[in-house]
Amino acid sequence: VYTPMYYGACSSEIEDCEKKRKIYLPKGFGWYDLYTGKYYEGGCYIYADAPIDRIPVFVREGSIIPMSSDMDYADEKNGIPDVIYVYEGSDGEFTLYLDKGDGYSFIEGEYCDIKLSYSQQEHRLSVSKTGSYPVNDTFGVEYIKKQKS
């Protein structure tokens, strides 16, 4: 940040300052605002909301992002996400790797790769697994569609 946006000298709050940032979205792909799902064409600048408690994050179309709610400890859900977000607009792939989380049993093949592949043409998410680690791979899938405004 090169211009004070939230606080000035002596930690005094700046009141009359717009809390937005100019962001370039690379051309060749569409982009989604992670928080609102709003779709933007690439190859342009936009002004994105940038409150002090949230940085602007944009997701490229075709992305597959696993997300989980808050957890009390790291192994609470055994690495399985609550929901898989698929950002429509182009094909995409993602591999989710899981293992026991301790020791070296993964060397003997006790792991699981869950490959997620999205086909834009078919509007379909395919799931395949490799490895011998037992996994309960039940999770929700949410498709984020283009919402221009």
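Calculation notes
- Residues numbered from 1 in each chain as written.
- Predicted model: local features only at pLDDT ≥ 70, side-chain atom pairs only at ≥ 80, totals over all residues.
- Heavy atoms only, no water.
- Helix = DSSP H or I, 4+ residues; strand = E, 2+ residues; numbered from the N terminus.
- Rg over C-alpha atoms; globule rule 2.2 N^0.38 Å.
- Contact = heavy atoms within 4.5 Å.
- Areas by Shrake-Rupley, 256 points an atom, 1.4 Å probe, with all protein chains shown as cover.
- Lys, Arg positive; Asp, Glu negative; His and termini not counted.
- Charge placed at Lys NZ, Arg CZ, Asp CG, Glu CD.
- Buried < 20%, exposed > 50% of the residue type's maximum accessible area, 1.4 Å probe, protein only.
- Pairing = 2+ DSSP bridges.
- Axes fitted to C-alpha atoms, helices over the stretch in contact; angles between N-to-C directions.
- Core = buried A, V, L, I, M, F, W, Y, C linked by side-chain atoms within 4.5 Å.

J.: What should I look at first to understand the overall build of the chain in this one?
T.: Summing up its helical and strand segments, the chain has zero helices and 11 strands in all. A globule of 149 residues ought to have a C-alpha radius of gyration of about 15 Å, yet the chain, at 20 Å, is considerably larger. When its C-alpha atoms are laid out on the principal axes, the chain stretches across 60 × 40 × 25 Å. Taking the contacts inside the chain whose residues are at least 6 apart along the sequence as the reference set, 46% of them involve residues at least 24 apart. Of the roughly 10000 Å² that the chain leaves accessible, carbon and sulfur atoms contribute 49%. Charge separation in the chain, taken as the distance between the mean sites of 16 positive and 25 negative side-chain charges, equals 9 Å.

J.: Can you walk me through the environment of Ile 144 in this structure?
T.: With respect to the helices, strands and loops of the structure, Ile 144 is situated in strand S11 (residues 140-144). Its relative accessible area of 11% is what places Ile 144 among the buried residues. Spatially, the C-alpha atoms of Ile 144 and Glu 110 are 33 Å apart, while their sequence positions differ by 34 residues. Ile 144 has contacts with Tyr 32, Gly 37, Tyr 85, Val 86, Tyr 87 and Glu 88, leaving out every residue within four places of it along the chain.

J.: Explanation requested: the environment of Gln 147 in the structure shown.
T.: Along the polypeptide, Gln 147 turns up in the segment after S11. Under the relative-accessibility criterion, Gln 147 is labelled partly exposed at 46%. In this structure the C-alpha to C-alpha distance between Gln 147 and Gly 89, which are 58 residues apart in sequence, comes to 11 Å. Non-local contacts of Gln 147, meaning those with residues more than four positions away in its chain, are made with Thr 36, Gly 37, Lys 38 and Tyr 39.

J.: What am I meant to see in the sheet that holds S11 here?
T.: What links the strands of a sheet is backbone hydrogen bonding, and the strands pair in either a parallel or an antiparallel sense. The three strands are arranged S6-S7-S11 in an open sheet whose pairing can be described as mixed. Across the chains shown, the open sheet's two edge strands, defined by having one partner strand only, are strand S6 (64-67) and S11. Between one strand and the next, the sheet's axes are offset by a mean angle of 20°, whatever the strand orientation. Bridging between S6 and strand S7 (residues 83-87) involves four bridges; their strand directions are antiparallel. In the strand pairing of S7, Ile 64 is matched with Val 86.

J.: What is the right way to look at the nonpolar core in this model?
T.: Side chains of a nonpolar character, in soluble globular proteins, are inclined to be buried together. One finds Ile 64, Ile 84, Leu 98, Ile 114, Leu 116, Leu 125 and Val 135 to be the most contacted residues of the largest nonpolar core, which totals 14 residues. Counting only elements with at least two residues in this core, the list comes to S7, strand S8 (92-99) and strand S9 (111-119). Tallying contributions element by element places S9 first for this core, with four residues. Ile 23, Ile 46, Ala 48 and Phe 58 belong to the second-largest nonpolar core, a separate cluster that totals seven residues.

J.: How should I be thinking about the sheet that holds strand S2 (residues 30-33) in this particular structure?
T.: Here three strands make up an open sheet; going across it, the order is S3-S2-S5 and the pairing antiparallel. Taken across any chain shown, the strands that pair with only one partner, and hence form the sheet edges, are strand S3 (39-41) and strand S5 (58-60). Averaged over all neighbouring strand pairs, the angle between strand axes comes to 35°, with direction disregarded. Judged from the three bridges that link them, S2 and S5 form a sheet pairing that is antiparallel. Among the inter-strand pairings, Asp 33 is bridged to a residue of S5, identified as Phe 58.

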